[in-house]
Amino acid sequence: MDDSHLINLLAFAQARAVIGCGERLVPCSPAETPAALIDRLFPDARPKLSGCRVAIDAAYASWDEPIGTGRELALIPPVSGG
Amino acid sequence: MEVIIRFTAEPLVPIAPVFPLNGRNGAVIDFYGVVRGQEKGVPIEGLNYEAYLPMAERELRRICAELEEPFPCRSVDFVHRIGAVAIGEPSLHVRVAAAHRAEAFDFARQLIDRMKEDVPIWKI
C-alpha cells in the first residue's frame, strides 16, 4: 500500500462495542472500500455491522465505493435522536 | 431562512419568543421532545445521548435547506441534548417561525421525522 494514508476511523453507539474502540487512526489506500477496510482490520465485525451505514468526511457514503482521499470514516448505526 | 443548530450537555431552559416580533411572522411553533419513563416498553431511569457532531449539524442543515422550498419558513432554532437526560426533561427543542402556520407545522414535523432517519444522534 505505497499510496496509503492514515484515516481516522470513528465508531458510534453499538458500532463502538463491535470494533472495541470509538476512534482509531488506521492506514488506508485510496482504492480501498469501507467494507474492505473493516474486513481487513476487524475480520469478524461486518456481520455485526450489517445495520450500519458509513460516512466519509461527515457525509453518507457507500460501503462499496473507494474511500479515495477521505480523512475520516465513521460507522453509523441506526440513528435514534429525539 | 435563518438556521441555528446547537447541541448542549446542559438542561434545555425554555426561553419564550421575544414579543413583539418583526411583523412578518404569523406563526411560531415550539416543539419539545421529552424523555419518557420507558423505552420500547421497558422502564428506564433516563437516556444518554451521543452525536457525531459535525455530521449531525451538516445533515440538519441539509434537511432544512431541502424543506425550505416546499415549506418556506423565516427561522429554525434546533437544540438537542447530548449526555444524560433525566425522565421528564426535554432532549430536543425545535422552534420554527413562518409567515403562516401550515408551513411552520409541516416544516417542524418533517424536520423531526427526517432527523430520526438520517441525523447521527443516538440514545446509548
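Enquirer: Tell me about the overall build of chain B, and name the residues and values.
Expert: Of regular secondary structure, chain B possesses two helices and nine strands. Going from N to C terminus, chain B has its helices and strands arranged as β-β-β-β-β-α-β-β-β-α-β. Taking 14 Å as the expected radius of gyration for a compact globule of 124 residues, we find that chain B reaches 15 Å, a close match to that expectation. For chain B, the spread of C-alpha atoms along the principal axes amounts to about 45 × 30 × 25 Å. Going through the 124 residues of chain B one by one, you find that 30% of them count as buried. A separation threshold of at least 6 residues defines the contact pool for chain B, and within that pool the share at least 24 residues apart is 82%.

Enquirer: Which residues make up the overall build of chain A, and what values go with them?
Expert: Within chain A, the secondary structure is distributed over two helices and five strands. In sequence order, chain A lays out its α and β elements as β-α-β-α-β-β-β. Seen through its C-alpha atoms, chain A measures out along the principal axes to roughly 40 × 25 × 20 Å. Buried positions account for 33% of the 82 residues belonging to chain A. For chain A, restricting intrachain contacts to residue pairs at least 6 apart in sequence, the fraction spanning at least 24 positions comes to 55%.

Enquirer: So what's going on with helix α2 (residues 34–41) of chain A? Which residues, and what values?
Expert: Residue and element names in this part refer to chain A. All of the buried residues in α2 are P34, L37 and I38. Each buried residue of α2 lies within a common arc of 95° when the element is viewed along its axis, so the set occupies one face. Summarising the contacts, the buried residues of α2 are in contact with β2 (23–28), β3 (53–56), β4 (59–61) and β5 (72–76).

Enquirer: Account for helix α2 (residues 101–118) of chain B, with residues named and values stated.
Expert: All names here are of chain B. Relative to the 26 Å expected for 18 residues at 1.5 Å per residue, α2 spans 26 Å between its end C-alpha atoms, a close match to the ideal helical length. All buried positions along α2 are accounted for by E103, A104, F107, A108, L111 and M115. Summarising the axial view, the buried residues of α2 lie within an arc of 125°, below the 170-degree limit, and thus occupy one face. Exposed positions of α2 whose direction lies more than 90 degrees from the buried face are R101, A102, D113 and E117. Buried-residue contacts for α2 involve β2 (27–34), α1 (53–68) and β8 (90–98).

Here is what the cut-offs are and how they apply
- Residues numbered from 1 in each chain as written.
- Chains lettered and ligands numbered in written order.
- Predicted model: local features only at pLDDT ≥ 70, side-chain atom pairs only at ≥ 80, totals over all residues.
- Helix = DSSP H or I, 4+ residues; strand = E, 2+ residues; numbered from the N terminus.
- Rg over C-alpha atoms; globule rule 2.2 N^0.38 Å.
- Buried ≥ 20, exposed ≤ 12 C-beta atoms within 10 Å, placed from the backbone.
- Contact = placed C-beta atoms within 7 Å.
- Arc of directions from axis to C-beta.
- Expected span 1.5 Å × (residues − 1).

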